[in-house]
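So the chains spell out like this:
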Amino acid sequence: NAGVMQNPRHLVRRRGQEARLRCSPMKGHSHVYWYRQLPEEGLKFMVYLQKENIIDESGMPKERFSAEFPKEGPSILRIQQVVRGDSAAYFCASSSGGGNSPLHFGNGTRLTVT
Amino acid sequence: DQQVKQNSPSLSVQEGRISILNCDYTNSMFDYFLWYKKYPAEGPTFLISISSIKDKNEDGRFTVFLNKSAKHLSLHIVPSQPGDSAVYFCAASARGATNKLIFGTGTLLAVQP
């Protein structure tokens, strides 16, 4: 499967724990985006990364959330000290570059905070 | 502040008929618009897009219409098929931020056999 791969598909964490969500972009894609979908809402942009660089993190909450896309390996979205309001579906997308190349989304990670 | 609005949470259509999904936007800086389709437990799948320099784009059974003066776009699916049943999201991006998409809340389309 050459699509965007996200894991885990489901993640359950207790309040105060850390959540790590992983995303491997499509082969040949070097641009990664993270979006979050809260219940009954549309997807909301969080962060845009290229290899080793954060390009736009204007949608990231100021605290507890961080993202990276290292030279080797998948992109990681990290949420520290999770709270119930972090429960959502987190989608990763990748594209081949700038311009209007469409985003290809993974199947998401559903995070549940108990 | 919801910059992209899909005011119909759901739509039911008979197989073979036309489905029309609507989307309104408020930001005049948006210049690129897309429709995504989403099945349960899957990620959104790109369907069709349109640039603000056009007013229509067609791809097979799918046509997107853009009315810039009304800040309105619509997706027409004809003929509708049961496999088209899914949530459809409208999305927009502004000049210089092409992949920072602003999504609507989605419309659930049910195509009845």
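Up top is the structure these notes are about.
Residues numbered from 1 in each chain as written. Chains lettered and ligands numbered in written order. Predicted model: local features only at pLDDT ≥ 70, side-chain atom pairs only at ≥ 80, totals over all residues. Heavy atoms only, no water.

Bringing the environment of Phe 45 of chain A into the picture now. Relative to the elements of secondary structure, Phe 45 of chain A occurs in strand β5 (residues 43-50). The sequence separation of Phe 45 of chain A and Asp 56 of chain A amounts to 11 residues, and the corresponding C-alpha distance is 9.8 Å. Here Phe 45 of chain A is in contact with Tyr 33, Trp 34, Tyr 35, Asp 56, Ser 58 and Gly 59 of chain A together with Lys 100 and Leu 101 of chain B, once residues within four sequence places are set aside. (Helix = DSSP H or I, 4+ residues; strand = E, 2+ residues; numbered from the N terminus. Contact = heavy atoms within 4.5 Å.)

This part covers the nonpolar core. Membership of the largest hydrophobic core comes to 24 residues, with the highest contact counts inside it found for Phe 33, Trp 35, Leu 73, Leu 75 and Tyr 88 of chain B. A total of five residues in this core trace back to one element, the largest contributor, which is strand β9 (residues 86-94) of chain B. Beyond its immediate sequence surroundings of up to four residues, Tyr 88 of chain B is in contact with Gln 6, Leu 21, Trp 35, Tyr 36, Lys 37, Leu 47, Leu 75, Ile 77, Gly 106, Thr 107 and Leu 109 of chain B. Membership of the second largest hydrophobic core comes to 22 residues, among which are Leu 11, Phe 69, Ala 88 and Leu 111 of chain A. (Core = buried A, V, L, I, M, F, W, Y, C linked by side-chain atoms within 4.5 Å. Buried < 20%, exposed > 50% of the residue type's maximum accessible area, 1.4 Å probe, protein only.)

The next subject is the interface of chain A and chain B. In this complex, chain A contributes 22 residues to the contact, which on the side of chain B involves 17 residues. Of the roughly 1,600 Å² buried between chain A and chain B on both sides combined, carbon and sulfur atoms contribute 54%. For the pair chain A and chain B, the number of links is one salt bridge. A salt bridge links Lys 100 of chain B to Asp 56 of chain A; the nearest nitrogen and oxygen atoms lie 3.6 Å apart. Applying the counting criterion to the chain A and chain B interface returns five residue pairs in polar contact (both at pLDDT 80 or more). Mapped by element, the contributors of at least two residues to the side of chain A that touches chain B are β4 (31-37), β5 and β9 (88-95) of chain A. Here the side of chain A that touches chain B is composed, by residue class, of eight nonpolar, 10 polar and four charged. (Buried area = accessible area lost by both parts, 1.4 Å probe. Salt bridge = Lys/Arg side-chain N within 4 Å of Asp/Glu carboxyl O. Polar contact = N/O pair within 3.5 Å; in protein donor to acceptor, adjacent residues only side chain to side chain. Nonpolar A, V, L, I, M, F, W, Y, C, P; charged D, E, K, R; others polar.)

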